[in-house]
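The lines below spell out each chain.
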Amino acid sequence: MTAANVVEAGAGGTAGGPGEPVLAVRDLVKHFPVRSRGLVRRTVGDVHAVCGVSFDLFGNETLGLVGESGCGKTTTGRLLLNLIKATSGEVVYAGRNLVELSPGQMRPLRRDLQLVFQDPFASLDPRMTVNEIVAEPLRIHGLFGSGTQGRDKVRELLKLVGLNPEHGNRYPHEFSGGQRQRIGIARALALRPKVLILDEPVSALDVSIQAGVINLLEDLQSELGLSYLFISHDLSVVRHIADRVAVMYLGRIVEIADKEELFTKAAHPYTQALISAIPLPDPRKERSRKRITLTGDVPSPVNPPSGCRFRTRCPKFANVLSEAERRKCVDEVPALTDRGQGHASACHYAEAIKLV
Amino acid sequence: MTAETNIELSRKAGDREAVLEVENLTVEFPTDDGVVQAVRGVSYRLAPGEAMGIVGESGSGKSVTSMAIMGLLPKTARISGSVRFRGEELLGRSENDYSSIRGKKIAMIFQDPLTSLNPVYTVGYQISEAILAHNDVSKKAAMDRAIELLAMVGIPNPSQRVNNYPHEMSGGMRQRVVIAIAMANNPDVIIADEPTTALDVTVQAQVLEALEAARAATGAALVLITHDLGVIAGHADRIGVMYAGRLVEKGTVDEVFYEPRMPYTLGLLGSLPRLDEAGRERLTPIVGAPPSLMNLPPGCPFTPRCPLAQPVCEEREPDLYVTDAPDHLSACHFHERLVGASAAQLFRPTSVDTEDITPRDLEVQP
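Residues numbered from 1 in each chain as written. Chains lettered and ligands numbered in written order. Predicted model: local features only at pLDDT ≥ 70, side-chain atom pairs only at ≥ 80, totals over all residues.

For chain B, an unreviewed UniProt entry supplies the name ABC transporter domain-containing protein and the organism Planosporangium mesophilum. Annotation of chain B in UniProt includes, under Subcellular location (unreviewed entry), the sentence "Cell membrane". UniProt annotates chain B under Sequence similarities (unreviewed entry) with the comment "Belongs to the ABC transporter superfamily." (UniProt positions renumbered as here; feature names shortened; annotations may be inferred.)

For chain A, an unreviewed UniProt entry supplies the name ABC transporter ATP-binding protein and the organism Planosporangium mesophilum.

Okay, here's the thing in structure tokens:
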């Protein structure tokens, strides 16, 4: 245990100190096979769900991963935890490449890396009481302890997520969505993890409840020194909670930057369209805003466009670029690098714009 | 100031010209456990071409209100009050009578286009069906009009797309087909119930644009029901905030967004994370949970969650009072106290689970 920012000893090696990433993701690729119908079910193609995603997650940091449905953000989250096998690439945690580990080797590391799911109705077993749900990871990892030890831990966890420990004997159906999401967070925290992957944790909640859960996540982070990968389609929530933001489109990260940079100097046309599409709860600003509307729909990930994957919907490609400039978009995959905007974006013709 | 005088006031303001007038609409559902009071005295009027947003959280009665207006509630529902379309009463009409108005004068757009479109017919057939139901034209003419409508809502290659089945289209396109059906007969009123909730933001922007195009083409008034305050800010002239089956605040979008006079509205705005604000200032959730609409206690239903609550709030439910602007109404005994107040001053930035507690509990426990 060398890291200063880790609260309590979890098992499974050391996490990086400040400056060195806790979790390093390199060129992560996941292709899902598409099979033909009928008896033989030959593989006829691949869904290119995640294509060469790289990023670092630092200690005590929140990295927002945003994108629309089908962009591969949830798949990325699951690849990080080795819940689905990556086609290629590396996820390095505590000096080990998780992608190569067997489920048995992975198990001790799961204490450090936990997941909170989107749907608080589907992710809790309806036949277990809340105490049992929160105690399950402790039992699996042999940490429940004897006597009242385990029970005390569970009570402590419920208190930590702002729930009344007296309610531990209730079943999930007796709780509202916001309360269930808190139970899911308590379960994820049971093993004192260092990294939480939060997959749309507040998307299913009404705003007044959502605010409480967001506040809770912020408190937990500062109390426990957690690192969050916050997967969401809601940029307003991400702007509130994240330190850095990565934007995904069709399996690739198109832009990654510190939060302020991204929202004030978005360089990739997709990020710009995404930011300008979010309605603001402010009538005057909303009336005076210029909106970048995208045409068409997201192309199929089975057969993604060559070169830049966003070019089929890109307003810049359609309206601004010359024929010669467009060739580059068609032929060449734009690398995710800084082109003079102060942060990395994957557009040959990146240009920072202030939108909000 | 009583509710009646308020109705008088707003009647003077609009008088005869309203396309849709909802007055004291009440909807109750008898169940085995008791009567659910889903809508409790909702009144509003919609001027021609006007866009009115209705916002509220799940279960606040916003969808039931619009279903009652459209006559789509099950027979078990007990509906009272009055819904007038251009002065004609709609409540209590026979199904046949309703059919002549529904889809022609008042059209509705539902949340989920996959359930509002029929999977076994082409979209062209479904649009022309809406046209043929109310007009005496040939099938050919109806199909041509369908293509024209698809083009209006921004669907590329409409002459080919018209032969698609719903499953061959994306979610955003399906919702645009539903909008095309809604505008097929040049309605006077379009009621859109969470039209973009199931969609991604960039697609939401496209669909809202299609909805604006539909309004521009038909001159229809719009009732836009949503839980997203941002959508209302950009697409409505006036807003009504619903809570526990009642409209608790009404006004122009500017009045309600910048100077809310009902603690619930202020709380909603304070619990929203903002895209346009930097920094990590804390959000202020509203403590407690919305009340059950069965056996509501007397008094203001927001009392248990309200930081301003006083004994009088538990005794008497406030009427819609006129605030500083004549059309800005608020159902709060203490609406004057909200002048200049911010959410951070009234609500606590707590992170505990607050659904079983009241604001007073927060004062004691840090």
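Here the narrative resumes, following the displayed structure.
Caption draft 1: Here's a closer look at the overall build of chain A. A count of helical and extended segments in chain A gives 12 helices and 12 strands. Relative to the compact-globule value of 21 Å for 356 residues, chain A shows a C-alpha radius of gyration of 22 Å, a close match. Each principal axis of the C-alpha distribution contributes one length, and for chain A these read about 75 × 55 × 45 Å. The 356 residues of chain A split such that 49% are buried. (Helix = DSSP H or I, 4+ residues; strand = E, 2+ residues; numbered from the N terminus. Rg over C-alpha atoms; globule rule 2.2 N^0.38 Å. Buried ≥ 20, exposed ≤ 12 C-beta atoms within 10 Å, placed from the backbone.)

Caption draft 2: Focus on the environment of His167 of chain A. Its place among the elements puts His167 of chain A in the loop between helix 4 (149-160) and helix 5 (177-189). Each C-alpha atom of the pair His167 of chain A and Cys347 of chain A lies 52 Å from the other, and the pair is 180 residues apart in sequence.

Caption draft 3: Quick peek at the interface of chain A and chain B. With 42 residues of chain A in contact, the opposing surface of chain B contributes 45 residues. Where the side of chain A that touches chain B is concerned, the elements lending two or more residues are helix 5, helix 6 (207-224), helix 7 (235-241), helix 9 (269-277) and helix 10 (283-288) of chain A. Residue composition of the side of chain A that touches chain B, grouped by class: 18 nonpolar, 13 polar and 11 charged. (Contact = placed C-beta atoms within 7 Å. Nonpolar A, V, L, I, M, F, W, Y, C, P; charged D, E, K, R; others polar.)

Caption draft 4: Highlighting the domain arrangement of chain B. Residue and element names in this part refer to chain B. The domain boundaries assigned to chain B delineate domain 1 (3-242) and domain 2 (259-318 + 333-364). On a C-alpha basis, the centroid separation for the pair domain 1 and domain 2 is 31 Å. Counting residues at the interface gives 11 residues for domain 1 and 11 residues for domain 2. The element contributing the most residues to the side of domain 1 that touches domain 2 is strand 2 (residues 34-46), with 5 residues. (Domains from an automatic or database assignment.)

Caption draft 5: Region of the structure containing the UniProt feature "domain: ABC transporter" (unreviewed entry) in chain A. UniProt's feature table lists "domain: ABC transporter" (unreviewed entry) at residues 34-275 of chain A, given in the numbering used throughout. Between the first and last C-alpha atoms of residues 34-275 of chain A the distance is 33 Å; the span itself is 37% helix and 24% strand.

Caption draft 6: Inspection of the sheet that holds strand 7 (residues 189-193) of chain B at higher detail. All names here are of chain B. If you walk across this open sheet you meet the 8 strands as 6-7-8-3-9-10-12-11, and the pairing is mixed. What marks the edges here is a single partner per strand, and that holds for strand 6 (106-109) and strand 11 (321-322). Bridge count for strand 9 (residues 238-243) against strand 10 (residues 246-252) is 6 bridges, and the pairing is antiparallel. Within the sheet, the bridge partner assigned to Arg238 lies in strand 10 and is Thr252. Of the strands in this sheet, strand 6 and strand 7 touch helix 8 (residues 171-183), which is tilted by about 175° from strand 6. (Pairing = 2+ DSSP bridges. Axes fitted to C-alpha atoms, helices over the stretch in contact; angles between N-to-C directions.)

Caption draft 7: Summary view of the domain arrangement of chain A. Residue and element names in this part refer to chain A. The domains assigned to chain A are domain 1 (23-265) and domain 2 (266-356). Of all the elements, strand 10 (residues 252-258) adds the most residues to the side of domain 1 that touches domain 2, at 7 residues. Taken together, the residues of the side of domain 1 that touches domain 2 sort by class into 13 nonpolar, 6 polar and 7 charged.

Caption draft 8: Broad picture of the confidence of the model for chain B. In this model, chain B carries a mean pLDDT of 89, and residues with pLDDT of at least 70 account for 94%. Strand 9 of chain B holds the highest mean pLDDT among the elements of chain B, 96, whereas helix 1 (residues 3-14) of chain B holds the lowest, 44. (pLDDT = per-residue confidence, 0-100.)

Caption draft 9: Inspection of unusual backbone geometry at higher detail. Residue and element names in this part refer to chain A. Non-glycine residue Arg41 carries a positive phi angle of around 50°. Judged by the 10 C-beta atoms lying within 10 Å of it, Arg41 is exposed. A positive phi is found at Glu200, a non-glycine position, where the angle reads about 50°. Relative to the elements of secondary structure, Glu200 occurs in the loop between strand 7 (195-199) and helix 6. What makes Glu200 partly exposed here is the crowd of 19 C-beta atoms within 10 Å.

Caption draft 10: Fine view of the sheet that holds strand 6 (residues 113-116) of chain A. Residue and element names in this part refer to chain A. Strand order across the open sheet formed by 8 strands is 6-7-8-3-9-10-12-11, with mixed pairing between neighbours. In this open sheet, the two strands that pair with only one neighbour each are strand 6 and strand 11 (337-338). Relative to strand 7, strand 6 runs parallel, the two sharing 4 bridges. The residue of strand 7 that forms the bridge with Leu115 is Ile197.

Caption draft 11: Highlighting the pairing of strand 10 of chain B. All names here are of chain B. Counted residue by residue, strand 10 has 6 buried out of 7 residues, so it is predominantly covered. Between the end of strand 9 and the start of strand 10, which pair antiparallel, lie 2 residues, with Ala244 showing a positive phi angle near 50°. Taken together, the 2 bridges between strand 10 and strand 12 (residues 329-330) define a ladder with antiparallel strand orientation. Following the sheet pairing, Glu249 is matched in strand 12 by Ser330.

Caption draft 12: Representation of the packing of helix 5 of chain A against helix 6 of chain A in the model. All names here are of chain A. Between helix 5 and helix 6, the shortest axis-to-axis distance is 9 Å and the interhelical angle comes to 20°. On the basis of the axis angle, helix 5 is roughly parallel to helix 6. Crossing of helix 5 over helix 6 shows right-handed handedness. Here Gly177, Gly178, Gln181 and Arg182 of helix 5 lie close against helix 6, whose contacting residues are Ile209, Gly212, Val213 and Leu216. Each residue belonging to the contact of helix 5 with helix 6 can be placed in one class, and the counts come to 3 nonpolar, 4 polar and 1 charged. (Parallel < 35°, antiparallel > 145°, perpendicular 65-115°, else oblique. Left-handed = near helix turned anticlockwise from the far one by under 90°.)

Caption draft 13: Focus on the UniProt feature "domain: ABC transporter" (unreviewed entry) in chain B. Within the UniProt annotation, "domain: ABC transporter" (unreviewed entry) is assigned to residues 20-269 of chain B. Taken end to end, residues 20-269 of chain B is 40% helix and 27% strand, and its two terminal C-alpha atoms sit 28 Å from one another.

Caption draft 14: Main features of helix 12 (residues 263-270) of chain B. Counting buried residues in helix 12 of chain B gives 8 out of 8 residues, a clear majority hidden from the surface. Taken as a whole, helix 12 of chain B has its buried residues at Pro263, Tyr264, Thr265, Leu266, Gly267, Leu268, Leu269 and Gly270 of chain B. Contacts made by the buried residues of helix 12 of chain B are with helix 6 of chain A together with helix 10 (229-235), strand 9, strand 10, helix 11 (253-258) and helix 14 (343-346) of chain B.

Caption draft 15: Expanded view of the packing of helix 9 of chain A against helix 9 (residues 201-218) of chain B. Two elements in contact, helix 9 of chain A and helix 9 of chain B, have axes separated by 8 Å at closest approach and are oriented at 60°. With respect to helix 9 of chain B, the axis of helix 9 of chain A lies oblique. Here the hand of the crossing between helix 9 of chain A and helix 9 of chain B comes out left-handed. Facing helix 9 of chain A, whose interface residues are Ala273, Leu274 and Ala277 of chain A, helix 9 of chain B presents Val201, Thr202, Gln204 and Ala205 of chain B. A class-by-class count of the residues in the contact of helix 9 of chain A with helix 9 of chain B yields 5 nonpolar, 2 polar and no charged.

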